[in-house]
Amino acid sequence: MSAQPLMSLIAPSRYSQGRDAIARIGEELARLGEVPMIVADEMVWGIVGETVTASLEAAGLPVHRVSFEGHATAATIDALADRAKELGADVMAGVGGGSVIDSVKAAGHLAGIRWASVPTIASTDAPCSALSVIYTAEGAMEEYRFFPRNPDLVLVDTQLVANAPVRLLVAGIGDALATWPEARAVARARATTMAGGAATMSAQALARLSWEILHEDALPAIAAVGRNVVTPAVDRVVEANTLLSGLGFESSGLAAAHAIHDGLTAVPQTHHLTHGEKVNVGTTTQLVLESAPTAELDDFIRFTTAVGLPNTLVEAGIDVDDHDSLRTVAEAATAEGETIHNMDVEVTVTTLVDALRFLDDYSARVRKDAGLPAPAPMHQH
Ligand SMILES: [Zn+2]
């Protein structure tokens, strides 16, 4: 007889958020080490380089900044870990988006030092977690890598988030909106969370709170970020996207929405979409698969359309009659070990393809009734 699974909640050691938080990076990293290595791409460094340098110097820390390009790939991670050893770094900070943050978590772990997430955008719930998603050089999802602990620090500057393109905040909202439906599905199926074991009530409450805050504050926050201003709604949405969704997904589990995201990365048509945009197609599909009440599905379609998130195949760049691509997506989403198997309904390639193909016409009808624009390909150049 196997032991009853433990309930576990895991979290970063410290989460700090606020306007101009990046100017405090020196004092925050000084708690963790004496030789920090800052990883940032050229664009991000162009924006924050001077502020970070001044802050590190004021804290009496040396300034070692390492450039970053591309995705969180195994090769990139190995190179960053080697660089940390050469520098004698004892703490690594990833400053930027999801790719640099996931790379630094994995590289910090490999190098055996402490690590910090310093997101400059609120586009995913990756910064707080003890896992990284590893991609191939071509951008297809390869694996989840799990670490024995969460970041030592997550530092979020809300003014930087507000200065970034609004599409990135919208992406983070898409990623965070998946948290509660996925948590709920995992609980129903009594499946295992990303943290291992069963979910605590605390993690489920955080997941649900992120859902409620986003329904209340997402639209005003999007309007504020369109003007590059930080309002209380921006503060709440940044916390929902980063902390609540981060703790919520990790300690209450992932289900179909993220597995369908992973499936969508297996076809090139979707590579122009952000993580959160693909996740939102996944969440909408999950609601169909789990027979969510029609009112809930319709609300979700209306709300995410108003937010600017895709909830159909056509928006993701896939033709509803492209059976080969849909099969590729569904096979990847239902592969062994995928979180789609955390549902209390069995999802097969056939049932998933049908649920995906159902969305285009149905979403179009719900939108028409609500006076919203019909689904059309997004972000095509
Ligand atoms: Zn996600």
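Predicted model only: the values in this text are computed from it and were never measured.

Thresholds, definitions, all that
- Residues numbered from 1 in each chain as written.
- Predicted model: local features only at pLDDT ≥ 70, side-chain atom pairs only at ≥ 80, totals over all residues.
- Heavy atoms only, no water.
- Donors = N, O, S within 2.8 Å, 3.2 Å for Na, K, Ca; no water.
- Helix = DSSP H or I, 4+ residues; strand = E, 2+ residues; numbered from the N terminus.
- Buried < 20%, exposed > 50% of the residue type's maximum accessible area, 1.4 Å probe, protein only.
- Phe/Tyr/Trp six-rings, centres within 6.5 Å; stacked < 30°, edge-to-face > 60°.
- Pairing = 2+ DSSP bridges.
- Contact = heavy atoms within 4.5 Å.
- Axes fitted to C-alpha atoms, helices over the stretch in contact; angles between N-to-C directions.
- Core = buried A, V, L, I, M, F, W, Y, C linked by side-chain atoms within 4.5 Å.
- Domains from an automatic or database assignment.
- Expected span 1.5 Å × (residues − 1).
- Bend = angle between axes of the 7 residues up to and from the residue.
- Buried area = accessible area lost by both parts, 1.4 Å probe.
- Salt bridge = Lys/Arg side-chain N within 4 Å of Asp/Glu carboxyl O.
- Polar contact = N/O pair within 3.5 Å; in protein donor to acceptor, adjacent residues only side chain to side chain.
- Parallel < 35°, antiparallel > 145°, perpendicular 65-115°, else oblique.
- Left-handed = near helix turned anticlockwise from the far one by under 90°.
- Nonpolar A, V, L, I, M, F, W, Y, C, P; charged D, E, K, R; others polar.

Quick word on the coordination of the zinc ion
Summarising the metal site, the zinc ion is bound by the protein donors Asp 175 (OD), His 258 (NE2) and His 275 (NE2), whose distances to it range over 2.1 Å. All donors to the zinc ion come from one chain, and their sequence spacing reads D-x82-H-x16-H. With His 258 in helix 10 (residues 256-264) and His 275 in helix 11 (residues 275-289), this residue pair connects regions lying 17 residues apart in the sequence. Relative accessible area serves as the criterion here: at 4%, His 258 is assigned to the buried category.

Structural notes on the packing of aromatic side chains
Summed over all chains, the structure comprises 4 aromatic pairs. With centroids separated by 5.9 Å and ring planes inclined at 75°, the aromatic side chains of Trp 115 and Phe 147 adopt a geometry described as edge-to-face. You can see Trp 115 sitting in strand 5 (residues 114-119) and its partner Phe 147 sitting in the loop between strand 7 (141-146) and strand 8 (153-157), a full 32 residues away along the chain. Here Trp 115 and Phe 147 have matching classes, each one buried.

Side note on the sheet that holds strand 4 (residues 91-96)
On the basis of which strands lie adjacent, the open sheet formed by 6 strands has the order 1-8-5-4-2-3 and parallel pairing. In this open sheet, the two edge strands, each paired with only one partner strand, are strand 1 (15-18) and strand 3 (65-66). Sheet analysis places strand 5 next to strand 8, joined by 2 bridges and oriented parallel. Bridge assignment links Ser 117 to a residue of strand 8, and that residue is Val 154. Sheet strands in contact with helix 4 (residues 98-111) are strand 2 (36-39), strand 4 and strand 5, and its direction is about 170° off that of strand 4.

A look at the nonpolar core
Membership of the largest hydrophobic core comes to 41 residues, with the highest contact counts inside it found for Leu 169, Ile 173, Leu 177, Leu 214, Val 234 and Val 307. Of all elements in the fold, only strand 8, helix 5 (158-163), helix 6 (166-177), helix 7 (179-189), helix 8 (201-226), helix 9 (232-252), helix 12 (294-307) and helix 15 (349-369) reach the threshold of two or more residues within this core. It is helix 8 that provides the largest number of residues to this core, a total of 9 residues. Split by domain, the residues of this core number at least three in each of domain 1 (11-163) and domain 2 (166-370). In this structure, Leu 177 is in contact with Trp 211, Leu 214, His 215, Asn 280, Thr 283, Phe 300, Phe 303, Thr 304 and Leu 309, ignoring residues within four places of it in sequence.

Some details on helix 8
Along its 26 residues, helix 8 runs 36 Å from first to last C-alpha, staying within 8% of the 38 Å computed at 1.5 Å per residue. Taking the largest bend as the criterion, helix 8 deviates by roughly 55°, centred on Asp 217, and proline Pro 220 comes between one and four positions later. For helix 8, every residue scored as buried is listed here: Ala 203, Ala 207, Ser 210, Trp 211, Ile 213, Leu 214, Asp 217, Ala 218, Ala 221, Ile 222, Ala 224 and Val 225. Buried positions along helix 8 lie against helix 5, helix 6, helix 7, helix 9 and helix 12. Following helix 8 by one or two positions, Asn 228 has its phi on the positive side, about 60°.

Details of the domain arrangement of the protein
Taken domain by domain, the protein comprises domain 1 (11-163) and domain 2 (166-370). Taken over C-alpha atoms, the centre of domain 1 sits 26 Å from the centre of domain 2. Of the residues lining the interface, 30 residues belong to domain 1; the matching set on domain 2 comes to 30 residues. Taking both partners together, domain 1 and domain 2 bury about 2400 Å²; carbon and sulfur atoms supply 61% of that area. Counting across the interface, domain 1 meets domain 2 through 0 salt bridges. Between the two partners, domain 1 and domain 2, sit 10 residue pairs in polar contact (both at pLDDT 80 or more).

Focus: the packing of helix 7 against helix 11
At a closest axis distance of 10 Å, the pairing of helix 7 and helix 11 adopts a crossing angle of 40°. Viewed along their axes, helix 7 and helix 11 adopt a mutual orientation that is oblique. The two elements helix 7 and helix 11 cross, and the hand of that crossing is left-handed. Contacts from Pro 181, Glu 182, Arg 184 and Ala 185 of helix 7 reach helix 11 at Thr 283, Gln 286 and Leu 287. Of the residues in the contact of helix 7 with helix 11, the class split is 3 nonpolar, 2 polar and 2 charged.

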